[in-house]
Amino acid sequence: SEAHAKANLMRNVASELNALLDDVDRRMQLIDSEDERIYSGSVGSASVRAEFDAYRREFVKFYSQIQKYAQDVEASANQMVNQ
């Protein structure tokens, strides 16, 4: 049960990080929005957006690895319980 709890914790933390990235993505869409009157500072919004998108692509890989690892932990725990 401890392994299952740790696997769920890993999933939850990864999901929370993913939700934060979604929020950042939504907020970044407001940069340079004339309606919202939010503008980037000395760094151009296009370069900030490119950096964020690159980070997001890397996080997707990391998120998938966490999900796979959590599944492996649960499978191992289930196998031990069944033996």
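About the criteria used
- Position labels on residues start from 1 in each chain and follow its written sequence.
- Where local features are concerned, this predicted model is filtered to residues with pLDDT of at least 70; where side-chain atom pairs are given and counted, the filter is 80 or more; whole-chain, interface and lining totals use all residues.
- The side-chain values count all of the structure's non-hydrogen atoms but skip hydrogen atoms and water molecules.
- Centre distance within 6.5 Å is the pairing criterion for rings of Phe, Tyr and Trp, where only the six-membered ring of Trp is used; planes under 30 degrees apart are then read as stacked, over 60 as edge-to-face, and the remainder as tilted.
- Secondary structure counts use DSSP, requiring at least four H or I residues in a row for a helix and at least two E residues in a row for a strand, with both numbered from the N terminus.
- Exposure categories follow from relative accessible area, calculated using a 1.4 Å probe and restricted to protein chains: below 20% of the type maximum is buried, above 50% is exposed, and the middle band is partly exposed.
- Residues enter a patch when their relative accessible area is above 30% and they make no salt bridge; the linking distance is 9 Å between like charges and 5 Å between nonpolar side chains (Val, Leu, Ile, Met, Phe, Trp, Tyr).
- Only the protein chains shown count as covering a residue, and every accessible area follows the Shrake-Rupley method with a 1.4 Å probe.
- We define a salt bridge as a contact between a side-chain nitrogen of Lys or Arg and a carboxyl oxygen of Asp or Glu at a distance within 4 Å.

Caption draft 1: Molecular detail of the packing of aromatic side chains. Summed over all chains, the structure comprises 2 aromatic pairs. Centroid distance phenylalanine 59 to phenylalanine 62: 6.0 Å. Interplanar angle 55 degrees. Geometry classified as tilted. Of this pair, phenylalanine 59 and phenylalanine 62 are both found in helix α2 (residues 45–82), 3 residues apart, which corresponds to roughly one turn of the helix. For phenylalanine 59, a relative accessible area of 5% corresponds to the buried category. Given a relative accessible area of 41%, phenylalanine 62 falls into the partly exposed group. Taken together, a centroid distance of 6.0 Å and an interplanar angle of 35 degrees make the contact between phenylalanine 59 and tyrosine 63 tilted. Here tyrosine 63 and phenylalanine 59 lie together in helix α2, a separation of 4 residues that amounts to about one turn. Judged by its relative accessible area of 23%, tyrosine 63 is partly exposed.

Caption draft 2: Representation of a nonpolar patch on the surface in the model. Residues Leu9, Val13, Leu17, Leu20 and Phe62 make up a contiguous nonpolar surface patch of about 440 Å² in total accessible area. By residue number, the principal contributor to the nonpolar patch is helix α1 (residues 2–28), which donates 4 residues. Turning to its location among the elements, leucine 17 is positioned in helix α1. Taking the relative accessible area as the measure of exposure, leucine 17 reaches 36% and is therefore partly exposed.

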